[in-house]
Amino acid sequence: PVVRVTVEADDAALVASVIDKLESAVKAVSRHRLEHPMSIPSLDIRRFTQPSSPEDRAAFVQELSGTYREWGFAGIRGHDIPDALVDAAYDDFKAFFALPDAVKKQYHLGGGGGARGYTPFGIETAKGAQYHDLKEFWHIGREIPREHVHADVMPANVWPDEVSGFRDHGYA
């Protein structure tokens, strides 16, 4: 869903207040989605890795694509990641996103397009979109040695000091 708000006001404080209220509402929705993961589409990865037919594999790819278009992410089940590791990672991620904005913003790497670390609300814009996304996120990428030939285009990951276990559980 897209929310468009037009505010015509000369009062900068009023505009800032409206923006703060919108950000609070988006954070509440984000927290709800984290706390209720079954409310998002959940797909079984075995339909891709061990498909019953080529058509089923193609259907999985189409469903995943549609889920990304509508939601921007999907729940994946049927993987071999232990539940205890998933639960520990969720606990760490919830702890990070509960930190004050000033702390989280220390891990924002400007100019990187959100490729690593924290990206605050209102920074990212979806391809072809007119308005900034109203979400915050953390991006973890593949780790490669800094002397690797592609190190210049694959930045190192950033890890928050405030949440012990974030790296161990997030990159496992």
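Preceding block: the structure.
So, a few notes on the structure that sits alongside this text. Given the structure is predicted, the values throughout are model-derived calculations rather than measurements.

Helix and strand content of the protein chain: 6 helices and 4 strands. When the elements of the protein chain are put in sequence order from the N terminus, they spell out α-β-α-α-β-α-α-β-β-α. Within the protein chain, the fraction of its 172 residues that count as buried is 24%. Contacts spanning at least 24 positions in sequence make up 47% of the contacts within the protein chain whose residues lie at least 6 apart. Counting every atom, the protein chain has about 11800 Å² of accessible surface; 55% of that belongs to carbon and sulfur.

Before going further, it helps to examine the packing of aromatic side chains. What the rule picks out here adds up to 13 aromatic pairs. Taking the centre distance of 6.4 Å and the plane angle of 70 degrees together, the rings of Trp71 and Phe73 count as edge-to-face. Trp71 sits in the partly exposed class, given a relative accessible area of 23%. In textbook terms, an aromatic cluster arises when at least three aromatic residues are bridged by ring pairs, as seen for Phe93, Phe96, Phe97, Tyr107, Tyr118, Trp138, Trp159, Phe166 and Tyr171.

So, on to the environment of Asp161. Mapped onto the elements of the fold, Asp161 is located in the loop between strand 4 (137-139) and helix 6 (166-170). On the basis of relative accessibility, which here comes to 70%, the residue Asp161 falls in the exposed class. Spatially, the C-alpha atoms of Asp161 and Phe96 are 9.8 Å apart, while their sequence positions differ by 65 residues.

The next thing to look at is the nonpolar core. Counting residues in each nonpolar core, the largest one holds 11 residues, listed as Phe96, Phe97, Leu99, Val103, Tyr107, Tyr118, Trp138, Val158, Trp159, Val163 and Phe166. Setting aside anything within four residues of it in sequence, one finds Trp159 in contact with Tyr107, Trp138, Ile140, Glu143, Phe166, Arg167 and Tyr171.

Pairs can form between side chains of opposite charge whenever their charged atoms are close. Applying the stated rule across the entire model yields 6 salt bridges. Among the ionic pairs, Glu63 bridges to Arg47, the shortest N-O distance being 2.8 Å. Placement of the pair is Glu63 in helix 3 (residues 54-71) and Arg47 in helix 2 (residues 46-49), with a sequence separation of 16 residues. Glu63 gets classed as partly exposed once you look at its relative accessible area, which sits at 34%. In this structure, Lys104 and Asp101 form a salt bridge, with 3.2 Å as the shortest nitrogen-oxygen distance.

Now for the environment of Phe96. Along the chain, Phe96 falls in helix 4 (residues 83-97). Residues contacting Phe96, with those up to four places away along its chain left out, are Lys104, Tyr107, Tyr118, Trp138, Pro160, Val163 and Phe166.

Note that Lys104 resides in helix 5 (residues 101-104). Judged by its relative accessible area of 1%, Lys104 falls in the buried class. When near neighbours in sequence (up to four residues on either side) are disregarded, Lys104 contacts Phe96, Phe97, Leu99, Tyr118 and Glu136.

On to helix 3, then. Between its first and last C-alpha, helix 3 extends 26 Å over 18 residues, near the 26 Å set by a 1.5 Å rise per residue. Among the residues of helix 3, those classed as buried are Asp56, Phe60, Leu64 and Thr67. End-on view of helix 3: buried residues confined to an arc of 80 degrees, all on one side of the axis. Looking at helix 3, the residues exposed on the side facing more than 90 degrees away from the buried face are Pro54, Glu55, Gln62 and Arg69. Looking at the buried side of helix 3, the elements it contacts are strand 1 (42-44), helix 2 and strand 2 (75-77). One or two residues past the end of helix 3 sits Gly72, with phi positive at roughly 90 degrees.

Attention now moves to the side chain of Glu136. Topologically, Glu136 is positioned in the loop between strand 3 (117-119) and strand 4. You can call Glu136 buried: its relative accessible area is 14%. Polar contacts involving the side chain of Glu136 include one to the side chain of Lys104, which spans 3.0 Å. In this structure the side chain of Glu136 is engaged in a polar contact, spanning 2.6 Å, whose partner is the side chain of Tyr118. Excluding residues within four positions of it along the chain, Glu136 makes contact with Lys27, Phe97, Lys104, Tyr118, Thr119, Pro120 and Phe121.

So, how was this worked out
Residues numbered from 1 in each chain as written. Predicted model: local features only at pLDDT ≥ 70, side-chain atom pairs only at ≥ 80, totals over all residues. Heavy atoms only, no water. Helix = DSSP H or I, 4+ residues; strand = E, 2+ residues; numbered from the N terminus. Buried < 20%, exposed > 50% of the residue type's maximum accessible area, 1.4 Å probe, protein only. Contact = heavy atoms within 4.5 Å. Areas by Shrake-Rupley, 256 points an atom, 1.4 Å probe, with all protein chains shown as cover. Phe/Tyr/Trp six-rings, centres within 6.5 Å; stacked < 30°, edge-to-face > 60°. Core = buried A, V, L, I, M, F, W, Y, C linked by side-chain atoms within 4.5 Å. Salt bridge = Lys/Arg side-chain N within 4 Å of Asp/Glu carboxyl O. Expected span 1.5 Å × (residues − 1). Arc of directions from axis to C-beta. Polar contact = N/O pair within 3.5 Å; in protein donor to acceptor, adjacent residues only side chain to side chain.

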